[in-house]
Amino acid sequence: MAAAGRAQAARDRVPRIDPYGFERPEDFDYAAYEEFFSTYLVILTRRAIKWSKLLKGGGGVQRSMTVKRYIRKGVPLEHRARVWMGVSGAQAQMDRNPGYYQRLLQGERSASLEEAIRTGSLCPLYARSPPALAPPSAPCLYMSRTFPDNVRFRKDAEPCLQGPLYNVLLAYGHHNHGVGYCQGMNFIAGYLILVTKSEEEAFWLLDALVGRILPADYYSPSMLGLKTDQEVLGELVRLKLPAVAALMDGHGVLWTLVASRWFICLFVDVLPVETVLRVWDCLFSEGSKILFRVALTLLKHHQASILEATSVPDLCEKFKEITRGRFVTECHSFMQRIFSEPGSLSRASITRLRERCRARLLAQG
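Here is a short report on the structure shown in this document.

Here is what the cut-offs are and how they apply
- Residues numbered from 1 in each chain as written.
- Predicted model: local features only at pLDDT ≥ 70, side-chain atom pairs only at ≥ 80, totals over all residues.
- Heavy atoms only, no water.
- Helix = DSSP H or I, 4+ residues; strand = E, 2+ residues; numbered from the N terminus.
- Buried < 20%, exposed > 50% of the residue type's maximum accessible area, 1.4 Å probe, protein only.
- Contact = heavy atoms within 4.5 Å.
- Salt bridge = Lys/Arg side-chain N within 4 Å of Asp/Glu carboxyl O.
- Arc of directions from axis to C-beta.
- Polar contact = N/O pair within 3.5 Å; in protein donor to acceptor, adjacent residues only side chain to side chain.
- Core = buried A, V, L, I, M, F, W, Y, C linked by side-chain atoms within 4.5 Å.
- Patch = residues over 30% accessible without salt bridge, like charges linked within 9 Å, V, L, I, M, F, W, Y side chains within 5 Å.
- Areas by Shrake-Rupley, 256 points an atom, 1.4 Å probe, with all protein chains shown as cover.
- Lys, Arg positive; Asp, Glu negative; His and termini not counted.
- Charge placed at Lys NZ, Arg CZ, Asp CG, Glu CD.
- Disulfide = S-S within 2.5 Å.

**Things to note about the environment of I264**
At step 1: Tracing the backbone shows I264 in helix α14 (residues 255-264).
At step 2: According to the relative accessible area criterion, I264 is buried, its value standing at 14%.
At step 3: Each C-alpha atom, one on I264 and one on E330, is 23 Å from the other, the two residues being 66 residues apart in sequence.
At step 4: Ignoring any residue separated from it by four or fewer positions in sequence, one finds I264 in contact with Q183, G184, I188, Y219, M223 and L226.

Here it is as structure tokens:
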């Protein structure tokens, strides 16, 4: 009874909606979260003071060993957009191209691009009015399905983020004709908007991710870059966790079945929100090999549980389970682990694996 009372007390104290607008699920462990956050809040406060001193005086954020160390320890929400814009090169690109984002929205229309976005099913309202002028509260079925549990993306929100999300995706499609629009980009752009609260900054951060940080062809029609990274993960697991690799091979399970969402959404809607943002802090700063560190840490920490799987459905369920619970919710300790548990993971070794896996996929046609 005492435990039930503590759980209810925690439920009463912890807001039902998180700082980013996401509703907490029905089975959310409020007591465990409150216990974690009481400790994490102390860390956040200490980091906020250090970041405020580092960023004192304004100006851009430049890469350095100090900034890298600070980023690994966490970027406070109030500084996150500025830090991401600086270390990713997005701020420099935006400064060199004033007005470019608005020109993309006001330029020539592409029916095929709009249809590509809409057939996740964007509403026809945007087909009748220029995207730049589309009302932010315009109801878009696909946009609301992107984050159905986020109150800021609902059509009755004020302001509603469906319109800004549509605009960012449309502008990027005009900017990068080789990519246009690909599923998964809506989740990424949505998080960028939540963090930056700026369409233009979200656009330039999306450009940094798709154009420079992630390998080429990640979001192209062929998705060759994405398929390559799934193959690379398989090779890394074979090297570092051979028992897990043998189990996967024994059941004939491809990594595309269990891990494609990890990579295509950059762990959005896979890991808890704050954990995803901590991963992205390092993604913008250190590059895409961080994705393999996250994946390998999940697999290594839960290796014993994964090896209990006796069938393909069982294995798929295990892969869902390892992205839930206290291990991933406690984002600070999780981030410490991703830089220790997988062991050495050099940029050169990842590049070699990518080249080898890409060549193999191309040879297979």
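Having put the structure on the table, let's press on.
**Examining the pattern of salt bridges**
Pairing of side chains with opposite charge becomes possible as their charged atoms draw close.
At step 1: Counted by the stated rule, this structure contains 20 salt bridges.
At step 2: Here R16 ties to E23 by a salt bridge, and the two come within 3.1 Å at their closest N and O atoms.
At step 3: The network of salt bridges with common partners includes E231, E235, R238, D249 and R360.

**Focus: helix α18 (residues 312-321)**
At step 1: Within the sequence span of α18, burial applies to L315, K318 and F319. Buried residues of α18 fall within an arc of 100 degrees about the axis and therefore sit on the same side.
At step 2: In the core, the buried residues of α18 are packed alongside α13 (242-251), α14, α16 (289-301) and α17 (303-306).
At step 3: Capping the start of α18 is the job of one residue whose side-chain oxygen sits 3.2 Å from the backbone nitrogen of D314: S311.

**A short note on the nonpolar core**
At step 1: Core analysis: the largest hydrophobic core is formed by 109 residues, its most contacted members being Y219, W262 and W280.
At step 2: Not counting the four nearest positions on each side in its chain, W262 is found in contact with F267, V270, A295, L298, L299, F319, I322 and T323.
At step 3: Formed by nine residues, the second largest nonpolar core is a distinct cluster that contains A10, V14, Y40 and C331.

**Here we look at the environment of R261**
At step 1: By the secondary structure assignment, R261 is in helix α14.
At step 2: Taking relative accessible area as the criterion, R261 reaches 36% and is therefore assigned partly exposed.
At step 3: Distance from R261 to G184, taken between C-alpha atoms, is 8.3 Å for residues 77 residues apart in sequence.
At step 4: With sequence-adjacent residues up to four places away left out, R261 is seen in contact with F187, L266, F267, D269 and V270.

**Observations concerning a positive patch on the surface**
At step 1: Taken together, R46, K50, K53, R69 and K73 make up a surface patch of like positive charges.
At step 2: Among the elements that make up the positive patch, the one with the highest residue count is helix α2 (residues 30-54) (three residues).

**Considering the state of the cysteines**
At step 1: Considering all chains together, one arrives at zero disulfides under this definition.
At step 2: With no disulfide partner, C265 has as its closest neighbouring cysteine sulfur the one in C182, 9.5 Å distant.
At step 3: Note on C357: no disulfide assigned, nearest cysteine sulfur contributed by C182 at a separation of 20 Å.
At step 4: Accessibility expressed as a relative area gives 0% for C357, which makes it buried.

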